[in-house]
Amino acid sequence: AVSDLGSQFKVEVRAANSQGSDVESWLVEVAEARAVSFPFDRDAEGWALSVWQSGPYSPGTIAWESSGGHPGGCMRAGGAGDSNNEDTCTREGGAMTRVVSTAGLRSPRVDYDLSASLGASPGTTPAGNCTVLEGSIEDKLVMYYSTRGANGPWTLANVIPEPELPGTWAHRTVDLSSISSAGDNPAFALRFQWQFNARDDACSIDNVRVQGAVIQ
């Protein structure tokens with residue numbers, strides 16, 4: 001109820017079996033939540049798009065697509081694979097960056113939907129230019145945050161490696177509530193960056209949502 005905003009309640013769980021017993025308790029605060037959402041139904045919604053490559057060949061791709069989302073449109077990134085041959089460590093991908101103000105909010109978290117369609121996994125004997133994203137050659141999605149705007153500096157928030165990239169739409173949450181500077185910050189920014197190793201690799205993201213508790 002609205003009258004409960006700002007109140008704290010104690011939640012206690014008791015468990016017992018033949019081996020003994022235990023009690024765990026938490027304080028739960030009732031807070032008003034507010035969110036900024038990006039459903040990507042009409043366009044890229046202010047996200048700056050860029051492509052990159054670790055070697056001298058073709059960069060990856062990233063663009064808004066009007067269909068294939070969850071539902072509606074989505075952001076879709078893809079690989080080039082021109083020089084990779086699946087087992088060198090030349091990689092490429094796309095990135096999307098945006099300031100998402102958390103002014104007036106605390107304990108922010110980021111939610112989004114994700115799906116991937118991947119070709120062959122990279123081999124075990126990489127060679128060549130080894131400038132790869134976050135130090136490993138597999139396909140991945142990396143999320144960074146900045147507390148100083150869309151030009152960074154960037155701090156690693158979450159990595160989803162190849163074995164965990166879902167083949168069908170799945171929901172992911174990154175909790176930034178422990179990062180005090182991420183809350184109540186008009187310069188808070190996010191960056192999603194993909195790494196691919198083959199031309200057939202692609203990954204889509206939809207329904208990005210930044211939410212937090214309203215500061216009373």
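The structure presented is a predicted model; accordingly, all values stated were derived computationally and were not measured. (Residues numbered from 1 in each chain as written. Predicted model: local features only at pLDDT ≥ 70, side-chain atom pairs only at ≥ 80, totals over all residues. Heavy atoms only, no water.)

Asks: Would you explain the overall build of the protein in this entry?
Replies: Tallying secondary structure elements over the protein gives zero helices and 13 strands in all. When the helices and strands of the protein are listed from N to C terminus, the series reads β-β-β-β-β-β-β-β-β-β-β-β-β. Expressed as a percentage of the 216 residues in the protein, the buried residues total 41%. In the protein, of all internal contacts separated by at least 6 residues, the share reaching a separation of at least 24 is 73%. Of the roughly 10900 Å² of accessible surface on the protein, 48% is carried by carbon and sulfur atoms. Averaged over its 15 positive side-chain charges, the protein has a centre that lies 6 Å from the centre of its 26 negative ones. (Helix = DSSP H or I, 4+ residues; strand = E, 2+ residues; numbered from the N terminus. Buried < 20%, exposed > 50% of the residue type's maximum accessible area, 1.4 Å probe, protein only. Contact = heavy atoms within 4.5 Å. Areas by Shrake-Rupley, 256 points an atom, 1.4 Å probe, with all protein chains shown as cover. Lys, Arg positive; Asp, Glu negative; His and termini not counted. Charge placed at Lys NZ, Arg CZ, Asp CG, Glu CD.)

Asks: Before we go on, may I ask you to explain the nonpolar core in this structure?
Replies: Considering soluble globular proteins, one finds that nonpolar side chains tend to be buried as a cluster. The biggest cluster of nonpolar side chains holds 30 residues, and the ones touching the most others in it are Met96, Tyr112, Leu190, Phe192 and Trp194. The set of elements that each furnish at least two residues to this core consists of β6 (74-78), β8 (105-117), β9 (140-146), β12 (189-195) and β13 (202-214). If we ignore the near neighbours within four places in the chain, the residues touching Met96 are Phe40, Trp47, Ala48, Leu49, Ile62, Met75, Leu190, Arg191, Phe192, Trp194 and Ile205. (Core = buried A, V, L, I, M, F, W, Y, C linked by side-chain atoms within 4.5 Å.)

Asks: Sorry, what's going on with the pattern of salt bridges here?
Replies: Here the idea is simple: oppositely charged side chains can pair when their charged atoms come close. One pass over the structure, following the stated rule, counts four salt bridges. Arg14 is the salt-bridge partner of Glu12, the closest N and O atoms lying 3.0 Å from each other. Take Glu12: its relative accessible area is 37%, and that puts it in the partly exposed class. Since its relative accessible area comes to 64%, Arg14 is described here as exposed. Note that Glu65 and Arg76 form a salt bridge whose closest N and O atoms lie 3.9 Å from each other. Placement of the pair is Glu65 in strand β5 (residues 61-65) and Arg76 in strand β6, with a sequence separation of 11 residues. Since its relative accessible area comes to 32%, Glu65 is described here as partly exposed. (Salt bridge = Lys/Arg side-chain N within 4 Å of Asp/Glu carboxyl O.)

Asks: Sorry, what's going on with the sheet that holds strand β10 (residues 155-161) here?
Replies: Across a sheet, paired strands are connected by hydrogen bonds in the backbone, their directions being either parallel or antiparallel. Strand order across the open sheet formed by five strands is β4-β7-β12-β9-β10, with antiparallel pairing between neighbours. Edge positions in the sheet fall to β4 (48-53) and β10, since each has one partner strand and no second. Looking at each pair of strands side by side, their axes are set apart by 20 degrees on average, direction ignored. The pairing of β9 with β12 spans seven bridges and is antiparallel. Within the sheet, the bridge partner assigned to Leu141 lies in β12 and is Trp194. (Pairing = 2+ DSSP bridges. Axes fitted to C-alpha atoms, helices over the stretch in contact; angles between N-to-C directions.)

Asks: Got a minute to help me understand a nonpolar patch on the surface in this structure?
Replies: The grouping of Val11, Val13 and Trp26 at the surface amounts to a nonpolar patch, some 260 Å² of accessible area in total. The class of Val13 is partly exposed, set by a relative accessible area of 42%. (Patch = residues over 30% accessible without salt bridge, like charges linked within 9 Å, V, L, I, M, F, W, Y side chains within 5 Å.)

Asks: Looking at this model, I keep getting lost on the packing of aromatic side chains. Mind explaining?
Replies: In this description, a pair of aromatic rings is defined by centroid distance and the angle of the planes. Under the criterion given, the structure shown has six aromatic pairs. Plain terms: the ring middles of Phe38 and Phe40 are 6.5 Å apart, the flat faces sit at 25 degrees to each other, and that makes the pair stacked. Each of the two residues, Phe38 as well as Phe40, counts as buried. Linked through ring pairs, Phe38, Phe40, Trp47, Tyr112 and Phe192 together constitute an aromatic cluster. (Phe/Tyr/Trp six-rings, centres within 6.5 Å; stacked < 30°, edge-to-face > 60°.)

Asks: What should I look at first to understand the environment of Ile205 in this one?
Replies: Looking at the secondary structure, you find Ile205 in strand β13. Put simply, Ile205 and Asp113 are 92 residues apart on the chain and 5.6 Å apart in space, counted from C-alpha to C-alpha. Setting aside its immediate chain neighbours within four residues, Ile205 contacts Phe40, Cys74, Met75, Met96, Tyr112, Asp113, Trp169, Phe192 and Trp194.

Asks: Whenever I open this one, the environment of Val208 confuses me. Can you help?
Replies: Examined against the element boundaries, Val208 turns out to sit in strand β13. For Val208 and Pro39, which are 169 residues apart along the polypeptide, the C-alpha to C-alpha distance reads 6.7 Å.

By themselves these figures say nothing about function.
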